Amino acid sequence: TDVIGDGCTITLIDTDGEPLFNAAIAHRDAAIEADYTTYIAAIRQSKRSSTSVTESVIRTGEPRLVAEIDPAVQVAQVDDVLKPLVTRLNVHGLIVVPIRARDAITGSISLFRSGPGRAYGTDDLILLRDLADRAGLAIENARLYDLLEQRVRVRTAELEAANAQLERAADELATVNVRTSTFLA
């Protein structure tokens, strides 16, 4: 995180398209990361009604680069529920890019820097966009794999049920064969 930032949040759109959830959180300070994770875990935000930068990026698909900001300005721009945490994070620079898969936005990656003097630039934006595109492919592959696994489980259950029916039918035929053999003998 020294090169890229002090903290990172991966926000994804739930599989039903709404709401948003924070899939991963990291911060260089373990205590802040733990508090951030606990605080954020209970929050589900709407991508339609939230006014935060992350949700705006997800809605519009346009990245947001705030090279240097006053932490008070950042606090003012987030939803009320996030204000105490954002105050503690002391954000001086922020960059948020959409995560895309198959031309659809599936979430965002947010990076921030605490402390002044380490502004984000266009090189950081390019790097994070590339990372987000790769993450989007990995997330899409994981979701497709889960869907395939579900289909395999359903099909396996169907085949097991059909196999059980065939075994019962085979047992019944064996019983009929024995009775027929006994009758003809």
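Everything quoted here is computed from the prediction, not taken from an experiment.

Another aspect to go through is the overall build of the chain. Within the chain one finds five helices and five strands. Starting at the N terminus, the α and β elements of the chain follow one another as β-β-α-α-β-α-α-β-β-α. Here the C-alpha radius of gyration of the chain, 27 Å, is well above what a compact globule of 185 residues would show, namely 16 Å. On the principal axes, the C-alpha backbone points of the chain span a range of 100 × 30 × 30 Å. Taken across its 185 residues, the chain has 35% of its residues classed as buried.

The next point concerns the pattern of salt bridges. Inspection of every chain in the model, using the stated rule, returns seven salt bridges. In this structure, the salt-bridge partner of D130 is R134, at a minimum N-O distance of 3.0 Å. Note that D130 and R134 are positioned in helix α5 (residues 122-184) at a spacing of four residues, about one turn of the helix. The exposure class of D130 is partly exposed, given its relative accessible area of 35%. On the basis of relative accessible area, R134 is assigned to the exposed category, the value being 55%.

It is worth spelling out the nonpolar core at this point. Ranked by internal contacts, the top residues of the largest apolar core, which has 18 residues, are Y36, I40, L89, V91 and L94. Looking at this core, the elements that each hand over two or more residues are α1 (30-41), α2 (53-60), α4 (83-89) and β4 (91-101). Look past the residues within four positions of L89 in its chain and what remains in contact with it is H27, I32, Y36, F112 and S114. Counting residues in each nonpolar core, the second largest holds 13 residues, with I10, L111, Y120 and L125 among its members.

Here we come to the environment of A34. One can find A34 in helix α1. Classification of A34 as partly exposed rests on a relative accessible area of 40%. When the C-alpha positions of A34 and D16 are compared, they lie 28 Å apart, and in sequence the two are 18 residues distant.

Attention shifts here to the environment of E140. Looking at where E140 falls in the secondary structure, it is placed in helix α5. Along the primary structure E140 and R102 are separated by 38 residues, whereas in three dimensions their C-alpha atoms are 8.3 Å apart. In contact with E140, other than residues within four places in its own chain, are A101 and R102.

The pairing of strands in a sheet happens through backbone hydrogen bonds and is either parallel or antiparallel. The strand order β2-β1-β5-β4-β3 describes an open sheet built from five strands, whose pairing is antiparallel. Edge positions in the sheet fall to β2 (20-27) and β3 (64-66), since each of these pairs with one other strand and no more. Between one strand and the next, the sheet's axes are offset by a mean angle of 15°, whatever the strand orientation. Taken together, the 10 bridges between β4 and strand β5 (residues 104-114) define a ladder with antiparallel strand orientation. Bridge pairing in β5 places I99 opposite G107. Strands β1 (7-13) and β2 of the sheet are contacted by α1, whose axis makes an angle of about 170° with β2. On top of the sheet, α2 reaches β1, β2, β3, β4 and β5; it is set at about 150° to β5, its chief contact.

All right, on to the packing of aromatic side chains then. Throughout the structure, instances matching the rule amount to zero aromatic pairs. When the ring centre of Y120 is taken as origin, the NZ or CZ atom of R113, which lies over that ring, is 4.0 Å away.

Parameters at a glance
- Residues numbered from 1 in each chain as written.
- Predicted model: local features only at pLDDT ≥ 70, side-chain atom pairs only at ≥ 80, totals over all residues.
- Heavy atoms only, no water.
- Helix = DSSP H or I, 4+ residues; strand = E, 2+ residues; numbered from the N terminus.
- Rg over C-alpha atoms; globule rule 2.2 N^0.38 Å.
- Buried < 20%, exposed > 50% of the residue type's maximum accessible area, 1.4 Å probe, protein only.
- Salt bridge = Lys/Arg side-chain N within 4 Å of Asp/Glu carboxyl O.
- Core = buried A, V, L, I, M, F, W, Y, C linked by side-chain atoms within 4.5 Å.
- Contact = heavy atoms within 4.5 Å.
- Pairing = 2+ DSSP bridges.
- Axes fitted to C-alpha atoms, helices over the stretch in contact; angles between N-to-C directions.
- Phe/Tyr/Trp six-rings, centres within 6.5 Å; stacked < 30°, edge-to-face > 60°.
- Lys NZ or Arg CZ within 6 Å of the ring centre and 35° of its normal.

The values are spatial; any link to function lies outside them.
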